[in-house]
Amino acid sequence: MRKRIIAVFTLIPALLFGCTSPNANTTAQKENTPSSQGVAQEDATQDTVTLTPLQRSDGWNYGGSGNDGFYYVNPSMRDDDSTNLMYLDYATMKKIFLCNQPNCNHDTEACTSYLPYSAGGILACVIGNQIVLVFPGNVYVSTDTSSTVMPHLEVMGLDGSDRKTTFTFESNQQINRPLVTDGTNIYCELDTATEDGQLKAELVRINPITGTKDTLCSLNQEWIKGCAGSAIILLNANGCYSSYNPVTGDKKEIVTIDDASVNSLLQGTTLAYKDNGIFCLMDLLSGEKTLLSGFEVPSSEEAFVNLVDADSTHLVVQVETAFHQSGSNIEDGYYMIIGDSAPQPWNLLYSLDGQEFPYERITSVFNNQYLVISGEESLPDINTSSQYVATGEKQYVLMSQEDYWNGLVTNASPAQ
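The present account deals with the structure reproduced in this document. Computed from a prediction, not measured in an experiment: that's the story for all the values here. Throughout, a residue's number is its position along its own chain's written sequence, starting from 1. The predicted nature of this model means local features are confined to residues of pLDDT at least 70 and side-chain atom pairs, given and counted, to a pLDDT of 80 or more, with totals for whole chains, interfaces and linings taken over all residues. As a rule here, side-chain values cover all heavy atoms of the structure and leave hydrogens and water aside.

**Quick word on the environment of Gly59**
Here is step 1: Only runs of H or I of at least four residues qualify as helices and only runs of E of at least two qualify as strands under DSSP, and these elements are numbered from the N terminus. Considering the arrangement of structural elements, one finds Gly59 in the loop between β2 (52-53) and β3 (64-65).
Here is step 2: The buried label goes to any residue with under 20% of its type's maximum accessible area, the exposed label to any with over 50%, and the partly exposed label to all in between, with areas taken from a 1.4 Å probe on protein chains only. Given the relative accessible area of 4%, Gly59 is considered buried.
Here is step 3: Between the C-alpha atom of Gly59 and that of Ile224, which follows or precedes it by 165 residues, the distance is 9.1 Å.

**Details of the pairing of strand β30 (residues 360-365)**
Here is step 1: Here a strand pair is declared whenever DSSP counts at least two bridges between the two strands. Where β30 and strand β31 (residues 369-376) come together, 5 bridges link them in antiparallel fashion. By the bridge assignment for β31, Glu360 is matched with Ile373.
Here is step 2: Hairpin connection between β30 and β31: a loop of 3 residues separates the two successive antiparallel strands, and Asn367 in this loop has a positive phi of roughly 55 degrees.

**Details of the sheet that holds strand β23 (residues 289-296)**
Here is step 1: If you trace the 4 strands from one edge of the open sheet to the other, you get β20-β21-β22-β23, paired in antiparallel fashion. Two strands close off the open sheet at either side, each with one partner strand: β20 (265-267) and β23. Averaged over neighbouring strand pairs, the angle between their axes works out to 20 degrees when direction is ignored.
Here is step 2: The pairing of strand β21 (residues 270-275) with strand β22 (residues 278-283) spans 6 bridges and is antiparallel. Following the sheet pairing, Asp275 is matched in β22 by Ile278. What counts as an axis is a line fitted to C-alpha atoms, over the stretch in contact for a helix, and the angles between N-to-C directions run from 0 to 180 degrees.

**Brief notes about the packing of aromatic side chains**
Here is step 1: Classification of ring pairs rests on two measures: the distance between centres of Phe, Tyr or Trp rings, Trp counted by its six-membered ring, which must be within 6.5 Å, and the angle between planes, read as stacked under 30 degrees, edge-to-face over 60 and tilted in between. Following the criterion strictly, the structure yields 13 aromatic pairs and no others.
Here is step 2: Two conditions define a charge sitting above a ring: the NZ of Lys or the CZ of Arg must be within 6 Å of the ring centre, and it must be within 35 degrees of the ring normal. Seen from the ring of Tyr370, Arg361 lies directly overhead, with NZ or CZ sitting 4.9 Å from the centre.

**Some words on the state of the cysteines**
Here is step 1: Working definition: a disulfide is two cysteine sulfur atoms within 2.5 Å of each other. Counted by the stated rule, this structure contains 0 disulfides.
Here is step 2: In this structure Cys99 is a free cysteine whose sulfur lies 3.7 Å from that of Cys111, the closest cysteine sulfur available.

**Quick word on the sheet that holds strand β9 (residues 130-135)**
Here is step 1: Taking strand neighbours across the sheet as the criterion, the 4 strands line up as β8-β9-β10-β11 in an open arrangement whose pairing is antiparallel. Pairing within the sheet leaves two strands with one partner each, and these edge strands are β8 (123-127) and β11 (164-168). Between one strand and the next, the sheet's axes are offset by a mean angle of 25 degrees, whatever the strand orientation.
Here is step 2: As judged from the 5 bridges shared by β8 and β9, these two strands associate in the antiparallel manner. Bridge assignment links Ile127 to a residue of β9, and that residue is Gln130.

And the structure:
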């Protein structure tokens, strides 16, 4: 199984508790107690927000993207599991420590890029003209409190200046990903461990600048998957996707995935899922569906089909045949599916430890380009006592959106 970057320390799934009406309680730095026609067609008012995701729908955190560069957590760790915040400049594609101090070793809190060990990992986000570092916490990890940090938020300038803690959670709380933002606030699931060993899950809104938090609703076996327009997209344990408006508290059902043998995927505002034996792409802003009739999805007895990436017209899938499966009319591998065309091999792959992995689209940047992960380097030294799962340094490229969907890398600009 592929190892993942330390910036996102996977939290163990637990009992998560449906959206009810929003609460109006707000304090500063204190705890506070649709249909297929589209999920973002409410009347435009001054209270309407426009939401964007800060992570992929699976919660995987690559980092935060600003107008000029990308901020991410260095996977290389010191013996005490501390690491650094890095910056990838889009203009030069050079990677540097987010530090402007001369002769800095980047290994103490005096450095603006220094990051201590955090049991829940560290999420680097860009909101407006600020970097927000989210230390999400992990209620499942029992460690010496002197060796870790409380779940909290830190804010700093895009150059690493004026770094400060603005909100601290309780030790029995954790933030679950993905997070979404309206450009000012963070919307996320906050879990609180209770004395009886259960978790109370809530949808909360946090302003990382002012240090205020609102509890919007409770969650009952529901998880945040992303957003579309002014709505947060939720998925419940029964496979039902719904939209929740954090301003009005309105909730609408979008679609229920009947066949759980194939995973669904929310990428941006496109929902990809299996429907009546074929895949379809739903635009969550308009409710329009695009049927990918050129590929009849094999049954679970024939092959596993994993959804890898999608936009409004393209779907990338991985086909895997287990030892007990037979009869699939398609070979194992990665494929692109468009409209009513037969699936074509997806060639944007790299090798790691004898396995092939697809390029991973991170974010859109200027000039209709994507920042893409195109590989992973092995770490020279492994700290066997580390509490993180170490992974290699990611290799990044800038490539045009057209080249990405056509599987071409001839004009890609690699990071240095």
